[in-house]
Amino acid sequence: MTKSINCCLCKKRCQLNNRRRCFSGVLKTFLTEKLQRCVKDTDRLCASCTAKLYKQVKNCNKTIRSRSIETNNSLENNVEHILGACAANVFTSPKSIRLEIKSAPKTHRYCIVCKKEGNTRHRLVTITSEARTQSFIEKGIFINQKSRCCKIHMESRFFKIQALDVLQSSKQHEYFSRTDITGLLNDLRTIMKMTSSRLNFDIPALMTEENYNDLTGLSKEQFCDLLGYMSTVRSSGVRSVRTCLGVFLTKLRVGLSNKILGTVFGLKTSQVQRIIHAARRTLMETFVPHTLGFQHISHEDFVKKHTTPVAKQLFTTDPRQAVIVLDGTYIFIQKSSDYHFQRMSYSMHKHRPLVKPMIVVGTDGYILSILGPYFADGHNNDASITKHAITNNLENITAWLKDDDICIVDRGFRDAVQYLEDQGYMVKMPVCIVKGKKQLTTNEANLTRLVTKCRWVVESTNARLKQFHFFEKVVPNTMISSIGDLVKITGGILNKYKRPLVSNPENEEVAKKMLDRSVLENSLQTYVEENNLIRRRTVYLPINASGTVLENFPKLTEEMLRDITLGIYQLKQAPGYTREHLSESGNYELLLCKDSETLLQVKIQSRHSKSTIHTLWIDYNDRSSEVTQKPVNGWYCTCKVGARMVGCCAHVASVLWYLGLERHMKSLKPSRLSGNTSISYAHTGTLSDNHSTSAAGIEE
């Protein structure tokens with residue numbers, strides 16, 4: 001096949017019988033002025049361009065013959081000087097110039113990224129000017145406007161990051177026309193104006209996956225999915241739809257003020273406010289009805305998908321019963337200048353103004369609904385809010401709930417228990433301590449543990465909501481009317497894009513163990529009370545846990561500890577309690593009963609109150625008998641729930657964890673605040689002279 005050769009002047013393809021060489025010296029002079037470079041031996045002209053150049057040479061020769069020569073220079077130098085002047089007048093600037101810039105293939109036939117050939121089934125698309133400029137900035141590769149690529153390589157009007165990584169150049173230089181250079185400069189100017197702020201959601205390749213997660217709480221893919229619900233929002237000259245959603249989610253996630261958001265995104269404060277309200281109204285209409293509320297999921301699907309096996313085993317007798325967990329949370333607001341509203345929103349419990357949404361979740365943490373928000377005065381406690389929701393049939397709740405459905409609540413709902421039972425629902429609530437007593441009975445503590453085993457998810461759900469820091473900070477008065485919508489939108493986002501809190505639910509064997517132990521009596525408590533061991537101190541011998549006295553204490557594994565505690569919360573607290581009771585020399589002091597070598601007494605400092613010290617007893621089997629018997633026979637603690645047999649309290653768990661596991665592994669690290677002398681302590685109003693800072697402050 002004949003090699004394709006283009007005319008060096010007009011760039012058109014020259015046929016074999018239409019090519020001309022540049023041998024003439026005068027012709028080379030004209031051509032050099034036109035191309036602004038030296039003429040090579042391999043350059044060819046088409047017949048049309050050759051004729052035009054000869055005509056221009058002829059006209060210049062006439063000018064030379066009619067002009068007198070005033071200097072003694074050679075004719076050839078004067079001719080070249082005049083020809084150059086004529087050429088400069090005729091060709092003001094070249095049509096194209098060669099620049100040493102990498103370029104991609106210029107073709108319609110195949111994709112310049114993946115080299116896949118286009119056809120009727122796999123159609124190629126024109127590369128936008130924004131994408132071509134993006135390639136030039138990121139990779140230094142120029143793409144001609146006639147080039148094509150696959151549609152999957154584009155996101156919005158830009159290349160995807162993966163496409164830029166694959167894109168390669170085919171040439172080390174390129175011929176640029178005046179139009180190409182002007183267009184490239186204008187596109188660069190436009191892109192630089194758009195990217196003057198680092199936060200720009202209109203260019204997906206500009207922000208990483210971590211940027212999306214830090215600013216919005218969503219991945220880039222989840223952000224694009226939520227963008228599909230913004231169909232009723234239109235782009236404007238101020239912001240695009242992507243920017244609208246990005247500003248809204250950043251407001252929820254980071255909790256910045258509208259003024260700071262405007263500075264970050266290059267917008268006015270009033271524009272940010274309109275953006276937030278536009279996104280809120282749209283998502284409430286298109287997104288929330290499909291992800292939140294009693295009507296977005298049927299009763300049967302909720303029971304099947306969002307009720308854990310432990311909850312079914314502990315509380316239900318019919319597989320069609322639903323188990324829901326209710327609790328209220330707090331959102332703090334500014335003090336209002338409207339005194340009536342200020343009184344209704346002031347909480348005597350928290351001593352500050354706030355509003356209270358009511359959260360309804362499944363036992364796996366799935367948010368069924370968010371009611372409210374409600375005022376925070378004494379007339380709007382958790383019990384009255386629950387009565388109001390059912391009495392007024394909010395979200396058609398009475399039609400969704402069925403008879404004998406289980407409602408798990410905390411002690412704040414005690415005034416609504418009888419009301420809920422009268423409506424036909426079953427209520428499970430932790431037992432309240434009788435006035436005058438300091439500790440729950442064994443049976444009461446066991447029943448309370450069954451409830452808390454399933455109720456913790458609503459507390460974790462509240463914590464998840466507060467990870468969107470808008471709800472953690474004080475909400476300004478201008479946003480109070482939007483709090484309800486914003487909480488519901490956030491709840492819908494958690495339901496759709498976050499994994500459930502209980503992603504790997506425990507099997508029914510754990511629930512069966514809890515039910516079996518809930519009917520047991522604490523025999524060690526009976527022994528301690530009958531022998532008055534709480535007050536008698538002479539029968540105990542102080543020992544060091546790191547010595548040789550407790551060599552027969554059984555070694556415990558993590559599985560054995562989990563079987564004793566029936567949960568992980570107590571084990572998470574164990575290192576903290578242990579650090580406080582280890583001396584500087586690494587000794588862990590406890591008391592050993594003189595009458596029994598397998599009965600330990602330990603005093604544990606409360607982590608809440610300095611004046612409260614809990615005393616606990618542990619009855620264990622030595623190593624010689626652990627093959628045939630269980631390693632721990634019983635435990636008892638003087639704390640509020642220390643008498644229970646369904647698991648143990650955190651104080652007992654910390655001692656078992658240290659004696660049975662940690663002292664053999666020696667992996668416990670000292671506290672980061674140990675020995676920190678930058679914290680001062682005040683004694684009766686006088687600052688300590690041994691430290692460098694005040695009692696109210698900590699140096700960096």
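Sequence order sets the numbering: in each chain, residues are counted from 1 along the sequence as written. In keeping with the predicted nature of the model, local features appear solely for residues at pLDDT of at least 70, side-chain atom pairs appear and are counted solely at 80 or more, and the whole-chain, interface and lining totals rest on all residues. With hydrogens and water excluded, all non-hydrogen atoms of the structure serve as input to the side-chain values.

1. Focus on the packing of aromatic side chains
Link 1 in the chain: Each pair of aromatic rings taken from Phe, Tyr and Trp, with Trp reduced to its six-membered ring, is defined by centres within 6.5 Å and is described as stacked if the planes are under 30 degrees apart, edge-to-face if over 60, and tilted in the remaining cases. Tallied over the full model, the rule gives 12 aromatic pairs.
Link 2 in the chain: Each ring, one from Phe287 and one from Tyr497, has its centre 6.4 Å from the other, and the planes form 5°; the classification is stacked. One end of the pair, Phe287, is in the loop between helix H11 (269–286) and helix H12 (288–291); the other, Tyr497, is in helix H20 (residues 483–497), with 210 residues separating them in the sequence.
Link 3 in the chain: The classification of residues rests on relative accessible area computed with a 1.4 Å probe and restricted to protein chains. Under 20% of the type maximum is buried, over 50% is exposed, and intermediate values are partly exposed. The class of Phe287 is buried, set by a relative accessible area of 0%.
Link 4 in the chain: Ring centres 5.4 Å apart and planes at 75° place the aromatic pair Phe302 and Trp400 in the edge-to-face group. Within this pair, whereas Phe302 is found in helix H13 (residues 299–305), its partner Trp400 is found in helix H17 (residues 397–400), the two being separated by 98 residues in sequence.
Link 5 in the chain: By definition, being over a ring means that NZ of Lys or CZ of Arg is both within 6 Å of the ring centre and within 35 degrees of the ring normal. Geometry around Phe468 places Arg253 over its ring, the cationic atom sitting 5.6 Å from the centre.
Link 6 in the chain: Note that Arg352 overlies the ring of Phe332, its terminal NZ or CZ placed 3.9 Å from the centroid. Each helix corresponds to a stretch of at least 4 residues labelled H or I by DSSP, and each strand to a stretch of at least 2 residues labelled E; elements are numbered beginning at the N terminus.

2. Remarks on the sheet that holds strand E20 (residues 540–544)
Link 1 in the chain: One open sheet accounts for 5 strands, arranged E20-E21-E22-E23-E24; its pairing is antiparallel. The strands lining the two open edges of the sheet, one partner per strand, are E20 and strand E24 (632–637). For this sheet, the mean angle separating the axes of adjacent strands, direction not counted, is 25°.
Link 2 in the chain: In this description, strands pair whenever DSSP reports at least two bridges between them. Pairing of E20 with strand E21 (residues 589–593), which is carried by 5 bridges, proceeds in the antiparallel orientation. Residue pairing across strands places Ile543 opposite Leu590, the latter belonging to E21. To get an axis, fit a line to the C-alpha atoms, keeping to the stretch in contact for a helix; angles then go from 0 to 180 degrees between the N-to-C directions.

3. Description of empty space enclosed by the protein
Link 1 in the chain: Two kinds of site are reported from a 1 Å grid over the protein atoms alone, namely cavities, where a 1.4 Å probe fits but cannot get out, and pockets, open sets with protein on both sides within 12 Å along at least five of seven lines, and residues are called lining when an atom falls within 4 Å of a point. Grid points are joined across faces, edges and corners, and a volume is the space filled by probe spheres set on the points. Taken as a whole and assessed by the stated rule, the structure comprises 3 cavities of 30 Å³ or more.
Link 2 in the chain: Computed from the structure, the largest cavity encloses a volume of approximately 80 Å³.
Link 3 in the chain: Elements with a minimum of two residues in the lining of the largest cavity: strand E13 (323–328) and helix H16 (382–391).
Link 4 in the chain: At 3 residues, the largest contribution of residues to the lining of the largest cavity is made by H16.
Link 5 in the chain: Taken as a whole, the second largest cavity spans an internal volume of roughly 40 Å³.
Link 6 in the chain: For the second largest cavity, the full set of lining residues is Thr329, Ile331, Pro357, Leu465, Lys466, Phe471 and Val487.
Link 7 in the chain: Under this grouping Gly is polar, as are all residues other than the nonpolar Ala, Val, Leu, Ile, Met, Phe, Trp, Tyr, Cys and Pro and the charged Asp, Glu, Lys and Arg. Looking at the lining of the second largest cavity, its residues break down into 5 nonpolar, 1 polar and 1 charged.

4. Considering unusual backbone geometry
Link 1 in the chain: With omega at 10°, the peptide bond leading from Gly372 into Pro373 counts as cis.
Link 2 in the chain: Inspection of the secondary structure puts Pro373 in strand E17 (residues 367–374).
Link 3 in the chain: Phi angles above zero are rare outside glycine, and His351 is one such case at about 60°.
Link 4 in the chain: Along the chain, His351 turns up in the loop between strand E15 (346–347) and strand E16 (352–362).
Link 5 in the chain: Positive phi, close to 55°, is recorded for Leu566, a residue that is not glycine.
Link 6 in the chain: Within the secondary structure layout, Leu566 lies in the loop between helix H23 (558–565) and helix H24 (569–581).

5. Points about the nonpolar core
Link 1 in the chain: Here, nonpolar core means buried Ala, Val, Leu, Ile, Met, Phe, Trp, Tyr and Cys residues that are tied together by side-chain atoms lying within 4.5 Å of each other. Among the nonpolar cores identified, the biggest contains 70 residues, and Leu226, Met230, Phe248 and Ile493 are the most heavily contacted of them.
Link 2 in the chain: The contact rule is simple, with two residues in contact once any of their heavy atoms fall within 4.5 Å. If we skip the residues at most four places from it in the chain, Ile493 touches Leu218, Leu226, Leu249, Phe287, Phe468 and Lys498.
Link 3 in the chain: Grouped together as the second largest cluster of nonpolar side chains are 37 residues, Leu561, Trp635, Cys637 and Cys639 included.

6. As for the environment of Asp165
Link 1 in the chain: Relative to the helices and strands, Asp165 is located in helix H5 (residues 161–166).
Link 2 in the chain: With relative accessibility at 56%, the residue Asp165 sits in the exposed group.
Link 3 in the chain: Sequence separation between Asp165 and Glu138 is 27 residues, and the spatial gap between their C-alpha atoms is 9.6 Å.

7. Some words on the packing of helix H19 (residues 442–466) against helix H21 (residues 508–517)
Link 1 in the chain: Packing of H19 against H21 leaves a shortest axis separation of 10 Å and a crossing angle of 160°. Here H19 is positioned roughly antiparallel relative to H21, judged by the angle of their axes. As H19 packs across H21, the resulting crossing turns out to be left-handed. Contacts between H19 and H21 involve Asn446, Arg449, Leu450 and Lys453 from the former and Val510, Met514, Leu515 and Arg517 from the latter. Throughout this description, any angle smaller than 35 degrees is read as roughly parallel, any larger than 145 degrees as roughly antiparallel, any in the 65 to 115 degree range as roughly perpendicular, and the remainder as oblique. Handedness of a crossing is defined here by the sense of rotation of the near helix relative to the far one, left-handed for an anticlockwise turn of less than a right angle and right-handed for a clockwise turn.

8. Things to note about the pairing of E24
Link 1 in the chain: In terms of residue burial, E24 counts as a mostly covered element, since 5 of its 6 residues are buried.
Link 2 in the chain: For strand E23 (residues 613–620) and E24, the ladder comprises 5 bridges, and the chain directions are antiparallel. Bridged to Ile618 within E24 is Trp635.

9. Some details on the pattern of salt bridges
Link 1 in the chain: Counted as salt bridges are all cases of a side-chain nitrogen of Lys or Arg within 4 Å of a carboxyl oxygen of Asp or Glu. According to the stated counting rule, one finds 11 salt bridges in the structure shown.
Link 2 in the chain: Where Arg157 meets Glu130, a salt bridge forms, and the shortest distance between an N and an O atom there is 3.0 Å. Of this pair, Arg157 sits in the loop between strand E10 (154–155) and strand E11 (158–159) while Glu130 sits in helix H4 (residues 129–138); the two residues are 27 residues apart in sequence, bridging distant segments of the chain.
Link 3 in the chain: The exposure class assigned to Arg157 is partly exposed, which follows from its relative accessible area of 41%.
Link 4 in the chain: Between Glu174 and Lys171 there is a salt bridge, with the nearest N and O atoms lying 3.3 Å from each other.
Link 5 in the chain: Of the residues examined, Lys171 reaches a relative accessible area of 36% and is grouped as partly exposed.
Link 6 in the chain: Overlapping salt bridges bring together Asp327, Asp410, Arg455 and Glu459 as one network.

10. Side note on the layout of surface pockets
Link 1 in the chain: The volume enclosed by the second largest pocket comes to roughly 970 Å³.
Link 2 in the chain: Lining of the second largest pocket is provided by 25 residues; of these, Asn6, Cys7, Lys11, Lys171 and Tyr175 occupy positions nearest its centre.
Link 3 in the chain: Contributions of two or more residues to the lining of the second largest pocket are made by strand E1 (5–6), strand E5 (96–99) and strand E12 (174–177).
Link 4 in the chain: The element contributing the most residues to the lining of the second largest pocket is E12, with 4 residues.
Link 5 in the chain: Residues of the lining of the second largest pocket, tallied by class, amount to 5 nonpolar, 8 polar and 12 charged.

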